[in-house]
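Working through the structure, step by step
Listed below, chain by chain, are the residues.
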Amino acid sequence: MKKTVFSRVFALVMALCIVISAGAFPASAESLSGYYSSAEFESQYTYDGDDLGATWSKEATAFRLWAPTATAVTVNLYESGTEGTDDLIESMPMAADVKGTWVATKEGDLSGTYYTYTVTVDGVQTEACDPYTRTTGVNGKRAMVIDLDATDPEGWENDKDPHGGNSIVDAVIYELHVRDLSVDESSGITNKGKFLGLIESGTKNANGIPTGLDHMVNLGITHLHILPSYDYGSVDESKLDTPQFNWGYDPVNYNVPEGSYATDPFNGEVRVKEFKQMVKGLHDSGISVIMDVVYNHVYNAEEFCFNKIVPQYFSRTTADGLYSNGSACGNDTASERAMVRKYIIDSVKYWADEYHIDGFRFDLAGLIDTDTINACIEEVHKTHPNVIFYGEGWSMNTLVTKPDVTMATQKNSTLTPGFAFFSDSIRDALRGSNSNTSKPGFINGAGGFTGDIKAGFMGAPGWCKSPTQTINYASCHDGYTLFDRITLATPDASVADRIKMNNLAAAVVLTSQGTPFIHAGEEMLRSKPLEDGSGFEHNSYKSADAVNNLKWNDLNDAEYQQVFEYYKGLISFRKAHPALRMTDAQLAKDSIKPIGGLEFNVCAYQIQPVNGEESEGLVVIFNPRASATTVELPEGEWTIYVQGDKAGTEALGTASGTVTVDAISTCVLVKEKAAAPETTVPATTTAPTTQPNADTYIPTGIHPGVILCVAVGVIAMTAAIILLLKKKK
């Protein structure tokens, strides 16, 4: 939310009055910001305990708040979670404790009781939500004490990541907004726009085509990336009968699920239960869950609970006290400060621990320092080594509050080896840059991009040192959908050719080294036409559901269904071939070789059988030309698995010597391993393989000849004994 200069200056003046009169902090805005980040302040006030917030037990609840600038703090207990309701139970004074914290304990079972803190700084009282609250009432204004174990779904103790132990390059990520999957009537989903809508199975459109969860499972994705689903401020949870939509990049309470996605936003327990049910249902369906997190800024810096408790501490400020705005959202988070860093680490770990989240996508990671990113990864991986991390590594201007701070950007990728970044390099090479939407890219037939395609295919864009650090994509929630971008760049092309361009982009993304990322609906030619029909929406962050939702009836069209099948086939092929999923840059460099003798703009590569690949190698050919091309193949017979509008793990034919690749298409071939020669054993050493006649077979495992000899011997001995007895008589 944008602020007027007056309101920002007013907030600054108030903050200065507080610290000056308290006599504890410097008088100027610049020195206040600097003092918060000073070694002196951090030594005196950095708290490293794990009990911030409300720690519940059936016998008592212990409250601990970090508020080093406060002179008095009370905790207020309420019957309801609705701000403004006159239902105060009591206000309890808190006692000052170590490292700037304040503590209080209330006897009895408080689960379900709502609360806030009132902080007094220089005689001014401010009421705020608990930054460490686990859940809230409606719109996140009042925190709630909760028994978290009581919110666990059945079988939660055995719930786990269905892809635990795999590398990030084994993932196929599908980016989705909670509402988009279900709100269209064609979805057939009951819990429209809710967490629970993501896990309804058996849903179909009017023609009986699977929708929702079943669609995602059939597609073959491994990871579902869900747009922000913590408590955000741009949707009024108390008015859900009024049409509202937002992507949710507006954080209010970082550790609380968004109430508008719950069936009851007024009851703090419901959102927690239903979020866990969603995760469990996705895991049971073989889908890992990635959470989109936005620690780089908050919805409203002046109203953010952390800043209300410790004025301006959570945010970076300019020398004159205005908020740094590299995010273009009104404020930037001061991640380099000790207690902000702790808060981010604690929050990420909490989602992994309590909600079994399998991955985190960091919005505008370039505004967060590398030490904080690395500490998040290290802390989470102590108990959840399978969790993946990636984000936006754009270089952005922000006013850091300490010297020698490095930011988590693409160019600093070597400093965050466990963190991957979106590759705008391969995105822009494929369909043209974001800055000029009429300019075509490689898939549209434009020249000049083959070098970038090669680098992306090898998992080695210029800023990247490892395939494990590049997220390959052609579209995401930001900007135009892939199909709309293609339409804008090639207005005179036929629909059939635009579909081919869409498929070509998908083939590049899904056969390149690195991690493939798909914008939900891309596999069914998703489009976001403006409501007035004048064009396409490129920034639908608050557009109507009619613009944003997935139109499941599109799959009734054979062309759309074929695109879905093509994506599905590419995904299954990628999963079947480890040579497409290398984790080492040098191995990729040594094992992937360009094929020469090609026509202009055609790209072709031979991949050696490495990384556990069971075939004898692959050939991948991209042809963006408006006409077919012929490519000379390496020696041997090659089996075709991707050709034209078909892809998968079933052979489409074979080729030797050369192969013809259709216009605007991809061809992928595999050299199968030769069958092992059959070996024969001489007849004289071969044991009988048929069972004797059942009437004469003796199941002793002893050769019949031996049995015959024994029988003859027994008869002979019996005869001898008889003769001997006769002689004695």
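Residues numbered from 1 in each chain as written. Predicted model: local features only at pLDDT ≥ 70, side-chain atom pairs only at ≥ 80, totals over all residues. Heavy atoms only, no water.

**Quick word on unusual backbone geometry**
The condition that has to hold: Secondary structure is summarised from DSSP: a helix means a run of H or I of at least four residues, a strand means a run of E of at least two, and numbering begins at the N terminus for each. Accessible area is worked out with a 1.4 Å probe on protein chains only. A residue is then buried under 20% of its type maximum, exposed over 50%, and partly exposed in between.
Its identity as a non-glycine residue notwithstanding, Asn139 has a phi of 65 degrees, on the positive side. Turning to its location among the elements, Asn139 is positioned in the loop between β8 (124–128) and β9 (143–144). Relative accessible area serves as the criterion here: at 24%, Asn139 is assigned to the partly exposed category. One non-glycine residue, His356, lies in the positive phi region at around 60 degrees. Take His356: it is sitting in the loop between α8 (338–355) and β15 (359–362).

**Looking at the confidence of the model for the protein**
Definition in use: A residue's pLDDT is the confidence the predictor assigns to it, expressed on a 0 to 100 scale.
Confidence in the prediction of the protein, expressed as mean pLDDT, is 91, and 88% of residues score 70 or more. The secondary-structure element of the protein with the lowest mean pLDDT is helix α1 (residues 5–22), recorded at 38, while strand β10 (residues 173–176) shows the highest, at 99.

**Looking at empty space enclosed by the protein**
In plain terms, the rule: Here a cavity denotes grid points, spaced 1 Å and computed from the protein atoms alone, that fit a 1.4 Å probe unable to get out, and a pocket denotes an open set having protein on both sides within 12 Å along at least 5 of 7 lines; residues with an atom within 4 Å of a point are the lining. Grid points are joined across faces, edges and corners, and a volume is the space filled by probe spheres set on the points. Residues are grouped as follows: Ala, Val, Leu, Ile, Met, Phe, Trp, Tyr, Cys and Pro are nonpolar; Asp, Glu, Lys and Arg are charged; every other residue, Gly included, is polar.
Enumeration over the complete set of coordinates arrives at 5 cavities of 30 Å³ or more. The computed volume of the largest cavity comes to approximately 70 Å³. Along its surface, the largest cavity is lined by Leu52, Gly53, Arg64, Leu65, Trp66, Asp130, Pro131, Tyr132, Phe306, Ile309 and Met339. Of all the elements in the fold, those that place two or more residues in the lining of the largest cavity are β2 (60–66) and α7 (305–309). No other element matches β2, which puts 3 residues into the lining of the largest cavity. Here the second largest cavity defines a volume of roughly 60 Å³. Asp161, His163, Asn166, Ser167, Ile168, Asp170, Ala171, His223, Asn386 and Ile388 together form the lining of the second largest cavity. Grouping the amino acids of the lining of the second largest cavity by side-chain chemistry returns 3 nonpolar, 5 polar and 2 charged.

**A short note on the pairing of β10**
Spelled out, the test is: Any two strands are treated as partners once DSSP identifies two or more bridges connecting them.
Where burial is concerned, the two faces of β10 agree: the one with Ile173 and Glu175 and the one with Tyr174 and Leu176 are both buried. When β10 meets strand β11 (residues 223–226), the two strands line up parallel, connected through 4 bridges. Among the inter-strand pairings, Glu175 is bridged to a residue of β11, identified as His225. Bridge analysis of β10 against strand β19 (residues 515–519) gives 3 bridges, and the strand direction is parallel. Looking at β19, one finds that Tyr174 is bridged to Ile518.

**Topic: the packing of aromatic side chains**
Each aromatic ring pair is specified by the distance between its two centres and by the angle formed by the two planes. Short version of the rule: By convention, a stacked pair of Phe, Tyr or Trp rings (six-membered ring in the case of Trp) has centres within 6.5 Å and planes under 30 degrees apart, an edge-to-face pair has planes over 60 apart, and any other such pair is tilted. Placement of a positive charge over a ring is assigned whenever Lys NZ or Arg CZ falls within 6 Å of the ring centre and within 35 degrees of the normal to the ring plane.
Enumeration over the complete set of coordinates arrives at 44 aromatic pairs. On the basis of an interplanar angle of 65 degrees and a centroid distance of 5.1 Å, the ring pair of Phe63 and Tyr115 is categorised as edge-to-face. Residue Phe63 is found in strand β2, and its partner Tyr115 is found in strand β7 (residues 114–121); the two are separated by 52 residues along the sequence. Classification of Phe63 by relative accessible area gives buried; the value is 1%. On the basis of relative accessible area, Tyr115 is assigned to the buried category, the value being 1%. Centroid distance Phe306 to Tyr313: 6.0 Å. Interplanar angle 15 degrees. Geometry classified as stacked. In this arrangement the basic side chain of Arg134 is found over the ring face of Tyr350, its NZ or CZ atom lying 4.1 Å from the centre.

**Brief notes about helix α9 (residues 370–381)**
Applied cut-off: In this analysis, the expected span of each helix is defined as 1.5 Å times one less than the number of residues it contains. Identification of polar contacts relies on pairs of N or O atoms within 3.5 Å, with a donor-acceptor requirement for protein atoms, meaning one able to donate a hydrogen and the other able to accept it, and with residues adjacent in sequence counted only if both atoms are side-chain atoms.
The first and last C-alpha atoms of α9 sit 16 Å apart over 12 residues, in line with the 16 Å expected at 1.5 Å per residue. Along α9, the residues classified as buried are Thr370, Thr372, Ile373, Cys376, Ile377 and Val380. Capping the start of α9, Asp369 holds a side-chain oxygen 3.2 Å from the backbone nitrogen of Asp371, two or three residues further along.

**Some remarks on the sheet that holds strand β1 (residues 53–56)**
Pairing between the strands of a sheet comes from backbone hydrogen bonds, and it takes one of two forms, parallel or antiparallel. Across the sheet, 4 strands lie side by side as β1-β2-β6-β5; this open sheet has antiparallel pairing. Both edges of this open sheet fall to β1 and β5 (95–96), since each of them pairs with a single strand only.

**A few points about the pairing of strand β23 (residues 629–643)**
Here β23 runs beside strand β25 (residues 653–661); their pairing, made up of 8 bridges, is antiparallel. Directly across from Trp638, in β25, lies its bridge partner Ala655. Two elements, β23 and strand β24 (residues 646–647), share 2 bridges in a ladder whose sense is antiparallel. Note on β24: the bridge partner recorded for Val642 is Ala647. As consecutive antiparallel partners, β23 and β24 are separated by 2 residues, and within that stretch Gly644 has a phi angle of approximately 60 degrees, a positive value.

**Thoughts on the packing of helix α6 (residues 268–284) against α8**
What counts here: Every angle, taken between N-to-C directions, lies between 0 and 180 degrees, and every axis is a line fitted to C-alpha atoms, over only the stretch in contact when it is a helix. In what follows, roughly perpendicular refers to angles from 65 to 115 degrees, roughly parallel to angles under 35, roughly antiparallel to angles over 145, and oblique to any angle outside these ranges. A contact between two residues is defined here by any heavy atoms of the two lying within 4.5 Å.
Two elements in contact, α6 and α8, have axes whose closest approach is 11 Å; the angle formed by their N-to-C orientations is 75 degrees. The angle between the axes of α6 and α8 places the two elements in the roughly perpendicular class. On α8, the residues touching Val272, Phe275, Lys276 and Val279 of α6 are Trp351, Glu354 and Tyr355. When grouped by side-chain class, the residues that make up the contact of α6 with α8 number 5 nonpolar, no polar and 2 charged.

**Re α6**
Compared with the 24 Å implied by 1.5 Å per residue over 17 residues, the 25 Å span of α6 between its first and last C-alpha is a close match. The buried count for α6 comes to 13 of 17 residues, which makes it a mostly enclosed element. For α6, the N-terminal capping position is held by Asn267, with its side-chain oxygen 3.0 Å away from the main-chain nitrogen of Glu269. Looking at the residues trailing α6, positive phi occurs at Gly286, about 85 degrees.

**Some details on the nonpolar core**
Soluble, globular proteins show a tendency: their nonpolar side chains are buried together. Here is the rule we go by: As used here, the term nonpolar core means buried Ala, Val, Leu, Ile, Met, Phe, Trp, Tyr and Cys residues forming a set that is joined through side-chain atoms within 4.5 Å.
Counting 161 residues, the largest nonpolar core has Phe63, Trp66, Phe360, Phe362 and Phe622 as its most contacted members. For this core, the leading source of residues is α8, giving 10 residues. Filtering out sequence-adjacent residues up to four positions away, Phe362 remains in contact with Val293, Tyr295, Val348, Ile368, Ile373, Cys376, Phe389, Tyr390, Gly391, Glu392 and Phe419.

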